[in-house]
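The lines below spell out each chain.
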Amino acid sequence: MSDDKRYDEWTDGPELDRDDPRRGEADDKAPEPRGSEDAATLRERQRLAQLEMMDRWVGGVLVEQRRSRRWKLFFRFLFAALLLGLLATSIYSLFFAGMTPTPMGPHLGVVRVEGVIDSEGEANAERITEGLQDAWENEETQAVVLQINSPGGSPVQSQRIFNEIRRLGQAGDKPILAVIEDIGASGAYYIAAGADDIYAAPASLVGSIGVIYSGFGLQEAIEGLGIERRVFTAGENKAFLDPFSEIAPDQREFWQQVLNTTHQQFIDDVKTGRGNRLSDDPKLFTGLIWTGEQATDLGLVDGLKSLDQLARERLGEVRTRDYTPALDPFERLSRQFGRVAAEWAGLPRANSPLRYELP
């Protein structure tokens, strides 16, 4: 039995008659039933839970918005940094990279001929001749050196560079040398032939004095597929190089004359540049390619030396300076974009189909 002596108004309070007015007051003060109190509490808890859920949802939305803003700011800063970087690179290329630093003494002025010789490539006549002139005009340049690593390319571009080398060589007593690295073939050797002396490594590939044009005869292929080729021309020989049309014997003979004429121009300029140093080997101008060691015996090369060896022989130490004009990155990008767009659109390129180049 419990010892709790809590006061209970129903058992310990004064007993009231049914008609006693205080009995109504007591009834008014009676507590609400327990069931109604639990319902109110439940409603309040539900309301608080809903408010808490709403707060969490609003908080999550705010967090996501802040995260989204941070990513937007990050990408904006990244884009701005890239834009500033490209702008700085362009300004440097336009105003600083193309400037040749003042030499600190006697040196060899190097102009690089790298890759395919082409009007739209890095090894184009305008760029190479600009570098030659800058190196030639500097009083501290003891010799101008063409550092060649190219399989050849455009006949016109090669001829232009050859003529500029000959012009500069006749303008003074400053030597112009050519050093062939891995390969100096076809149009690249055409350029080298304009120099006073040519040097190569024993394993360099040198020569390939010839002209090439390559194409396909696909007329039977499209006939087998049931395809009709429609070409409209004014002039009976306008489309004689079309790969989907037959070539007549007189057209074949004419085109061979064009190749022979271009080849003879190549031969004449090589003889002009090399003179009596060339051997009388009948295979010399047949388009064959030789190693640097073999080319020395044929008179195509004057010695087996590297650029560093030339510098040490002439200056006692390796002192070289690169005069090759820097490439504008925007110009390079626009050229590549234009070339790709033309290929996708099927537009013909402006280059000559004849090549002083290895196949």
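Scoring rules and cut-offs
- Residues numbered from 1 in each chain as written.
- Predicted model: local features only at pLDDT ≥ 70, side-chain atom pairs only at ≥ 80, totals over all residues.
- Heavy atoms only, no water.
- Helix = DSSP H or I, 4+ residues; strand = E, 2+ residues; numbered from the N terminus.
- Buried < 20%, exposed > 50% of the residue type's maximum accessible area, 1.4 Å probe, protein only.
- Salt bridge = Lys/Arg side-chain N within 4 Å of Asp/Glu carboxyl O.
- Patch = residues over 30% accessible without salt bridge, like charges linked within 9 Å, V, L, I, M, F, W, Y side chains within 5 Å.
- Areas by Shrake-Rupley, 256 points an atom, 1.4 Å probe, with all protein chains shown as cover.
- Lys, Arg positive; Asp, Glu negative; His and termini not counted.
- Charge placed at Lys NZ, Arg CZ, Asp CG, Glu CD.
- Phe/Tyr/Trp six-rings, centres within 6.5 Å; stacked < 30°, edge-to-face > 60°.
- Axes fitted to C-alpha atoms, helices over the stretch in contact; angles between N-to-C directions.
- Parallel < 35°, antiparallel > 145°, perpendicular 65-115°, else oblique.
- Left-handed = near helix turned anticlockwise from the far one by under 90°.
- Contact = heavy atoms within 4.5 Å.
- Nonpolar A, V, L, I, M, F, W, Y, C, P; charged D, E, K, R; others polar.
- Polar contact = N/O pair within 3.5 Å; in protein donor to acceptor, adjacent residues only side chain to side chain.

*Asks:* Account for the environment of Asn260, with residues named and values stated.
*Replies:* Residue placement: Asn260 occurs in helix H7 (residues 249–274). The class for Asn260 is partly exposed, based on a relative accessible area of 43%. Separated by 49 residues in sequence, Asn260 and Val211 place their C-alpha atoms 8.0 Å apart.

*Asks:* Break down the pattern of salt bridges for me, with residues and values.
*Replies:* Taken as a whole and assessed by the stated rule, the structure comprises 11 salt bridges. For Arg56, the salt bridge identified is with Glu52, shortest N-O distance 2.8 Å. Residue Arg56 and its partner Glu52 are both found in helix H2 (residues 34–97); the two are separated by 4 residues, about one turn of the helix. Glu52 gets classed as partly exposed once you look at its relative accessible area, which sits at 41%. Here Asp302 makes a salt bridge to Arg277, at a shortest N to O gap of 3.2 Å. With Asp302 in the loop between helix H8 (292–298) and strand E8 (303–304) and Arg277 in the loop between H7 and strand E7 (289–291), this residue pair connects regions lying 25 residues apart in the sequence. Counted as one network, the salt bridges with shared partners bring together Asp197, Arg274, Arg277 and Asp302.

*Asks:* For a positive patch on the surface, give the residues involved together with the corresponding values.
*Replies:* Together, Arg66, Arg69, Arg70, Lys72 and Arg76 give the surface a local cluster of positive charge. By secondary structure assignment, the location of Arg76 is in helix H2.

*Asks:* Just give me the short version of the packing of aromatic side chains, but keep the residues and values in it.
*Replies:* For the structure shown, the criterion picks out 8 aromatic pairs. When the centroid spacing of 5.4 Å and the interplanar angle of 85 degrees are considered together, the rings of Tyr213 and Trp255 count as edge-to-face. Here Tyr213 is found in the loop between strand E6 (205–207) and helix H6 (219–224), whereas its partner Trp255 is found in helix H7, with 42 residues between them in sequence. Residue class for Tyr213 comes out partly exposed when judged on its relative accessible area of 28%. With a centroid separation of 5.7 Å and 70 degrees between ring planes, the pair formed by Phe240 and Trp255 is classed as edge-to-face. Highlighted residues: Phe240 in the loop between H6 and H7 and Trp255 in helix H7, separated in sequence by 15 residues.

*Asks:* Hey, could you go over the packing of helix H4 (residues 155–171) against H7 for me, with residue numbers and the actual values?
*Replies:* Packing of H4 against H7 brings their axes to within 12 Å, and their N-to-C directions diverge by 20 degrees. One finds that H4 runs roughly parallel with respect to H7. For the crossing formed where H4 meets H7, the hand is left-handed. Facing H4, whose interface residues are Pro155, Gln159, Phe162 and Arg166, H7 presents Thr262, Gln265, Asp269, Thr272 and Gly273. Residues that form the contact of H4 with H7 fall into these classes: 2 nonpolar, 5 polar and 2 charged.

*Asks:* Can you tell me about the side chain of Lys174, naming the residues and giving the values?
*Replies:* Looking at the secondary structure, you find Lys174 in the loop between H4 and strand E4 (176–185). Buried charge without a partner: Lys174 forms no salt bridge, and the closest opposite charge is Asp173, 7.4 Å away. Looking at Lys174, its side chain comes within polar contact range of the main-chain oxygen of Trp136, at 2.7 Å. If we skip the residues at most four places from it in the chain, Lys174 touches Ala135, Trp136, Asn138, Thr141, Gln142, Ala143, Val144 and Asp196.

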